[in-house]
Amino acid sequence: MSEDPGQAVGPAGGEPDTPGEPAAETYDELGAHLKEFEGRPAAVAGVGKDPVNAPMIRHWCEVLGDTNPAYSGPGAVAPPTMLQAWTMGGLSGHQGRTGAYDGLLALLDEAGCTAVVATDCEQEYLRPLRPGDEITFDTVVETVSGRKTTKLGTGYFVTTRTDVRANGEPAGVHRFRILKYAPARRKPPAPRPRPVVNRDNAGFWQGVAEHRLLVQRCTGCGTLRHPWLPGCNACGSPEWDTVEASGEGTVFSYVVMHHPPFPAFTDAASGPAGPYAVGLIELAEGVRMVSNVVGTPYDKVRVGLPVRVEFRRYETTGGPLDLPVFRAVPGGE
Amino acid sequence: MAALTVGTELAPLTIPVTRTLIVAGAIASRDYQDVHHDAELARQKGAPDVFMNILTTNGLVGRYVTDHFGPTAVLRKVAIRLGAPNHPGDTMVLTGRIEAVDGDTATVHVVGANGLGHHVTGAVTVTVPEVTP
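Residues numbered from 1 in each chain as written. Chains lettered and ligands numbered in written order. Predicted model: local features only at pLDDT ≥ 70, side-chain atom pairs only at ≥ 80, totals over all residues. Heavy atoms only, no water.

1. Thoughts on the overall build of chain A
Then comes step 1: The secondary structure content of chain A amounts to 4 helices and 15 strands.
Then comes step 2: Burial analysis of chain A (333 residues in total) assigns 45% to the buried set.
Then comes step 3: Residue pairs at least 24 apart in sequence account for 68% of intrachain contacts in chain A once pairs closer than 6 positions are excluded. (Helix = DSSP H or I, 4+ residues; strand = E, 2+ residues; numbered from the N terminus. Buried < 20%, exposed > 50% of the residue type's maximum accessible area, 1.4 Å probe, protein only. Contact = heavy atoms within 4.5 Å.)

Have a look at this one:
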C-alpha cells in the first residue's frame with residue numbers, strides 16, 4: 001500500500017481504538033533521519049488535474065446523499081469538504097511531487113513500513129470554490145513522529161500541510177496525517193484440540209473422515225449407543241455393528257460457554273472470540289451427541305431447534321480435520 | 001434554521017455503510033487505493049474487507065452539519081480523526097452537539113459510531129448567517 005498524502009486510506013485495524021493515539025514512542029536512528037524531512041516541501045506548485053467542475057460536484061453529492069441546494073444550479077459552490085479531492089492525483093499519479101517526499105516514503109518502505117492509513121484530516125476553508133476555479137497547491141512535511149507502536153503495527157506518523165489556491169488566491173488549508181507502518185502479524189486462527197482417537201472409537205472417526213455419522217448398534221439386542229463403547233449398556237453384549245445416522249436431529253439441551261474465552265470454538269455467527277453454544281443433539285435415531293451449533297448466534301440456540309449435521313474442516317493441534325457440527329435447519333426455528 | 005445554542009444536540013443521522021457507498025465514495029474523491037474497492041487485496045493487507053476512505057467520511061461529516069443548519073450555513077473548518085474502520089454491512093450513526101458559539105459561528109463536536117466503536121470524532125466550525133424573516 002504505497003502511499004502519499006494525496007491518496008487517503010482509512011484505518012484497517014478492525015479495533016475500536018484510534019491509531020492516532022499510539023501507545024508507545026521510542027526514538028531511533030531511522031526516526032532521527034526521518035525528522036530531517038520536517039519543513040521540507042512535499043509538493044511544489046502542484047496543479048489540480050481538473051478545474052473545480054459541476055460533474056465532480058454532482059457525483060460527490062450523489063454518493064454522500066448531500067442535497068444541499070448550495071451545491072447545484074447557477075451560483076453553485078463545491079462542498080468545502082471536497083478540498084482534497086481537487087488535489088488528488090488519481091490513477092495517473094501526482095504532478096509537482098518533490099524528490100524529498102518520495103525519499104521520505106522510500107525510507108519508510110525500506111524500513112518495512114509499507115502499509116499506510118490516514119488518521120487525521122483538518123481542513124480550513126478560506127473561500128468557496130466554484131466551477132471554473134483552477135486549483136494549485138503546495139505541500140510541506142510538517143512533522144514526522146518518532147517510532148510508534150499501535151494496534152495496526154509499528155510505524156511513523158507523517159503530517160503534511162497543503163495550501164490550496166483557487167486562481168492563485170488562498171482557498172483552503174488541508175492538514176493530513178498518515179500512519180506509515182509495518183503491519184503487525186495477524187495471529188493464525190486458534191486450533192482446536194485434536195480429538196482423542198482410540199481403539200474403542202476409531203470406527204466413529206473413520207466414518208467422520210468419510211463424512212458419515214456412524215452410530216454403534218448392539219447385535220445382541222439391537223440397542224443403538226453413542227458415544228462408542230466396547231459393550232452394550234442394555235444387555236452387556238460385546239458384539240456390535242454400525243448404522244449410518246441420517247444427520248437430522250434437534251437440540252436436546254445446550255450450555256453457553258462464556259468464560260474462559262476459547263476462540264477456537266467460537267462460531268463466526270457469535271463474533272471473533274465470543275461465547276459459544278455447546279449443544280447436546282438428539283439424533284433422529286434416538287442417540288445423543290455433543291457438538292457445536294454453528295451458524296446461529298450463541299444466544300439464539302434453543303431446546304428443540306431442528307438441526308442437521310455438517311462436516312466442517314477445522315484447524316486442530318494435529319492439523320486440519322473434518323468435524324461433525326450441527327446447523328439449524330432453515331425455517332425450523 | 002436552527003438556533004445557535006451551546007448544548008444543542010443535532011438529530012442523529014444513520015448511514016448504512018454499503019459496499020456501493022465505500023467504492024463510489026472512493027472514486028468520487030479520486031482515491032484509487034485498492035483497499036477501498038478490491039476486497040481481495042484489502043484482505044491481503046490485513047483488513048477483513050474494503051473500508052471507507054477518509055475523504056468520504058469527511059464529506060459525510062460536512063453534510064451532517066450543513067443538513068442541520070441549512071443551505072446558508074458555511075463550513076469554516078472540519079477536523080476529523082479516524083478510529084474503527086467502516087466496513088460493508090456496518091451502520092454508522094452520526095451524532096453532534098454544539099460545543100461553542102461565537103456570534104454567528106458555532107463549533108460542533110461530531111461522533112460517528114459504528115459496530116466496532118467510534119469511526120470518526122471531530123469538530124466542525126460553521127457560520128450560520130442571520131436570516132431576515
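2. Concerning the overall build of chain B
Then comes step 1: Summing up its helical and strand segments, chain B has 3 helices and 5 strands in all.
Then comes step 2: Overall, chain B shows an N-to-C arrangement of helices and strands of β-α-α-α-β-β-β-β.
Then comes step 3: When its C-alpha atoms are laid out on the principal axes, chain B stretches across 55 × 25 × 20 Å.
Then comes step 4: A buried classification covers 53% of the 133 residues belonging to chain B.
Then comes step 5: Of all intrachain contacts in chain B linking residues separated by at least 6 positions in sequence, the fraction that spans at least 24 positions is 66%.
Then comes step 6: Roughly 5,200 Å² of accessible area belongs to chain B as shown, and the carbon and sulfur atoms make up 56% of that amount.
Then comes step 7: Across chain B, the centroid of the 9 positively charged side chains sits 4 Å from that of the 12 negatively charged ones. (Areas by Shrake-Rupley, 256 points an atom, 1.4 Å probe, with all protein chains shown as cover. Lys, Arg positive; Asp, Glu negative; His and termini not counted. Charge placed at Lys NZ, Arg CZ, Asp CG, Glu CD.)

3. Overview of the sheet that holds strand β13 (residues 288–294) of chain A
Residue and element names in this part refer to chain A.
Then comes step 1: Ordered in space as β11-β12-β13-β15-β14, the 5 strands form a closed barrel in which the pairing is mixed. In this sheet, adjacent strand axes meet at a mean angle of 50° when their direction is disregarded.
Then comes step 2: Bridge count between strand β14 (residues 306–316) and strand β15 (residues 319–328): 10 bridges; the pairing is antiparallel. Looking at β15, one finds that arginine 313 is bridged to aspartate 322.
Then comes step 3: The strands touched by helix α4 (residues 202–209) are β13, β14 and β15; relative to β15, the strand with the most contacts, the crossing angle is about 85°. (Pairing = 2+ DSSP bridges. Axes fitted to C-alpha atoms, helices over the stretch in contact; angles between N-to-C directions.)

4. Topic: helix α2 (residues 54–64) of chain A
Residues and elements named next belong to chain A.
Then comes step 1: Taken residue by residue, α2 has Met56, Ile57, Trp60, Cys61 and Leu64 as its buried positions. Down the axis, α2 shows its buried residues gathered within 130° of arc, on one side only.
Then comes step 2: The N-capping residue of α2, defined by a side-chain oxygen 2.9 Å from the backbone nitrogen of methionine 56, is asparagine 53.
Then comes step 3: Where α2 ends, the next residue or the one after it, glycine 65, has phi of about 70°, a positive value. (Arc of directions from axis to C-beta. Polar contact = N/O pair within 3.5 Å; in protein donor to acceptor, adjacent residues only side chain to side chain.)

5. A word on the pattern of salt bridges
Then comes step 1: Throughout the structure, instances matching the rule amount to 24 salt bridges over all chains.
Then comes step 2: Measuring nitrogen to oxygen at the nearest pair gives 3.2 Å for the salt bridge that ties A:Lys35 to A:Glu38.
Then comes step 3: Residue classification places A:Lys35 among the partly exposed positions, given a relative accessible area of 30%.
Then comes step 4: Given a relative accessible area of 30%, A:Glu38 falls into the partly exposed group.
Then comes step 5: Note that A:Arg313 and A:Asp322 form a salt bridge whose closest N and O atoms lie 2.8 Å from each other.
Then comes step 6: The exposed category is assigned to A:Arg313, whose relative accessible area is 60%.
Then comes step 7: The class of A:Asp322 is buried, set by a relative accessible area of 15%.
Then comes step 8: Residues participating in the shared-partner salt-bridge network are A:Asp120, A:Arg177 and B:Arg81. (Salt bridge = Lys/Arg side-chain N within 4 Å of Asp/Glu carboxyl O.)

6. Here we look at the domain arrangement of chain A
Then comes step 1: Partitioning chain A into structural domains gives domain 1 (24–183) and domain 2 (202–328).
Then comes step 2: Here domain 1 of chain A and domain 2 of chain A have C-alpha centroids that lie 56 Å from each other. (Domains from an automatic or database assignment.)

7. Re the pairing of β15(A)
Then comes step 1: Within β15(A), 7 of the 10 residues are buried, which leaves the element mostly enclosed by the surrounding structure.
Then comes step 2: Hairpin connection of β14(A) to β15(A): 2 residues between the antiparallel strands.

8. As for the environment of A:Tyr125
Then comes step 1: Note that A:Tyr125 resides in strand β3 (residues 115–125).
Then comes step 2: Setting aside residues no more than four positions away along its own chain, A:Tyr125 makes contact with A:Pro80, A:Thr81, A:Leu83, A:Ala171, A:Gly172, B:Asn58, B:Leu75, B:Arg76, B:Lys77 and B:Val78.
Then comes step 3: Within the structure, A:Tyr125 has its side chain in polar contact with the side chain of A:Gln123 (distance 2.6 Å).

9. Details of the packing of α2(A) against helix α1 (residues 19–28) of chain B
Then comes step 1: Look at α2(A) against α1(B): their axes get within 9 Å of each other, and the N-to-C directions meet at 160°. Overall, the two elements α2(A) and α1(B) adopt an arrangement that is roughly antiparallel. Like other packed secondary-structure pairs, α2(A) and α1(B) cross with a definite hand, here left-handed. In this structure, α2(A) uses A:His59, A:Trp60 and A:Val63 to contact α1(B), whose residues at the interface are B:Leu21, B:Ala24, B:Gly25 and B:Ala28.
Then comes step 2: Looking at the contact of α2(A) with α1(B) residue by residue, the class counts come to 5 nonpolar, 2 polar and no charged. (Parallel < 35°, antiparallel > 145°, perpendicular 65-115°, else oblique. Left-handed = near helix turned anticlockwise from the far one by under 90°. Nonpolar A, V, L, I, M, F, W, Y, C, P; charged D, E, K, R; others polar.)

10. Concerning the confidence of the model for chain B
Then comes step 1: In the predicted model, chain B carries a mean pLDDT of 93, and the fraction of residues at 70 or more is 96%.
Then comes step 2: Within chain B, no element has a lower average pLDDT than helix α2 (residues 39–44) of chain B, which sits at 86, and none a higher one than α1(B), at 98. (pLDDT = per-residue confidence, 0-100.)

11. Some points on the state of the cysteines
Residue and element names in this part refer to chain A.
Then comes step 1: On inspection of all chains with the given rule, the structure shows 0 disulfides over all chains.
Then comes step 2: Among the cysteines around cysteine 218, which has no disulfide bond, cysteine 235 carries the closest sulfur, lying 3.5 Å off.
Then comes step 3: A relative accessible area of 2% places cysteine 218 in the buried class. (Disulfide = S-S within 2.5 Å.)

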